[in-house]
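Each chain, letter by letter, is given below.
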Amino acid sequence: MITALAARHRAMALAALPLAAVPPLVAAPARAAAPVRAAARPAAGPSGVVAKSALLYDVTDGATAWSRAADTERPIASITKVMTALVVLHDGGLDRKITIRRRYLAYAKRHDGSTAGLHAGDRLTARQLLNALLLPSGCDAAYALADAYGPGKDGFVAKMNDAARELGLDHTTYANFDGLPWPTATSTRSTARDQVRLAGYAMDDGTFRATVARRTYRLARTRTHHAYRWTNTNRLLRFYKGAIGIKTGTTDAAGYSLVFAARRGGRTFTGIVLNSSTTDERARFTDAARMLDWGFGTAGPHRVPPADTDTDTD
């Protein structure tokens, strides 16, 4: 469970808590100078954002800067894995060895989920599997972690839902550990507001924060596992100045979605776009960049990388 986190943020665990209470991603600067202020923003909000739900949170000011349909429940696909990681992190024991079972690989293949390309029989630490979970969005890694930390996947999903209640995410329901569309396409669901709040809790953890900021992660072959190279599906990290995370998500029902964070000149924003498109995976990154530009008071355009040809759900 995440008892330590819940106790640390006890005052934030109430359903009525405003988003302004989300903890900061980084500590306030030690010097006494006033924080850098954002440039003037158009009152109407960022232009050109097409996501069905969206929210931009100003961590520096402690206030929601802009939102759209922020309290509408929607499927969130692999953004689910933020909570998967958080439960593992606060259960601890990240250096424990976990054996990769064939059923983890078969599960991801059966549901057409994105994978970390894990090999049955390999023994990896939970810390290594967090990279496999959060960078390539490995559903095989999600199953391995859930099985080890539940123990068993059903027990783990129960922990996820208990954590959601403890953290005041009352419009969030987890049906599984990775956001894949089972038992139905909308069984796992949340809101933009709940997920940005959760991102604040997650980014307050140094291990999580360092993991989601990585573009790639490599493991050399050893006697206990194959060599691996995992690339982050969050391509905002590669084209948006100041991007520091967080997680992509895609299913047919959820569309192309992204929870993100960026820091520039002493200011930090977190945000989310849910269902920016069902056909163009680049739309979520364009939406995020437009929201961040508006928040920081800067101007694009930004070069969005070519479309990803990988059609597996992430």
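Each remark here, short or long, concerns the structure printed above.
Report on the accompanying structure. (Residues numbered from 1 in each chain as written. Predicted model: local features only at pLDDT ≥ 70, side-chain atom pairs only at ≥ 80, totals over all residues. Heavy atoms only, no water.)

1. Points about the pairing of strand 10 (residues 255-264)
Thinking step 1. In terms of residue burial, strand 10 counts as a mostly covered element, since nine of its ten residues are buried.
Thinking step 2. Bridge count for strand 9 (residues 243-251) against strand 10 is eight bridges, and the pairing is antiparallel. Within the sheet, the bridge partner assigned to Ile 246 lies in strand 10 and is Phe 260.
Thinking step 3. Here strand 9 folds back onto strand 10 in antiparallel fashion, the turn holding three residues. (Buried < 20%, exposed > 50% of the residue type's maximum accessible area, 1.4 Å probe, protein only. Helix = DSSP H or I, 4+ residues; strand = E, 2+ residues; numbered from the N terminus. Pairing = 2+ DSSP bridges.)

2. Here we look at the pattern of salt bridges
A pair can form between side chains of opposite charge whenever their charged atoms are brought close.
Thinking step 1. Taken as a whole and judged by the stated rule, the model has 14 salt bridges.
Thinking step 2. Salt-bridge contacts for Asp 61 lead to Arg 267; the nearest nitrogen and oxygen are separated by 3.4 Å. Taken together, the residues span a long stretch of sequence, with Asp 61 in the loop between strand 1 (53-58) and strand 2 (63-68) and Arg 267 in strand 11 (residues 267-274) at a distance of 206 residues.
Thinking step 3. A salt bridge links Arg 197 to Asp 194, with the nearest nitrogen and oxygen atoms 3.5 Å apart. Here Asp 194 and Arg 197 lie together in helix 7 (residues 192-203), a separation of three residues that amounts to about one turn. Both residues of the pair, Arg 197 and Asp 194, count as buried.
Thinking step 4. Connected through shared salt-bridge partners, Arg 235, Glu 281, Arg 284 and Asp 314 make up one network. (Salt bridge = Lys/Arg side-chain N within 4 Å of Asp/Glu carboxyl O.)

3. A few points about the nonpolar core
Thinking step 1. Met 83, Leu 129 and Phe 208 are the most contacted members of the largest nonpolar core, which totals 67 residues.
Thinking step 2. Ranked by residue count, the leading element in this core is helix 5 (residues 139-149), at nine residues.
Thinking step 3. Look past the residues within four positions of Leu 129 in its chain and what remains in contact with it is Ile 98, Ile 100, Leu 118, Leu 124, Ala 141, Ala 144 and Leu 145.
Thinking step 4. Of all hydrophobic cores here, the second largest spans 22 residues; its members include Leu 56, Trp 66, Phe 239 and Phe 285. (Core = buried A, V, L, I, M, F, W, Y, C linked by side-chain atoms within 4.5 Å. Contact = heavy atoms within 4.5 Å.)

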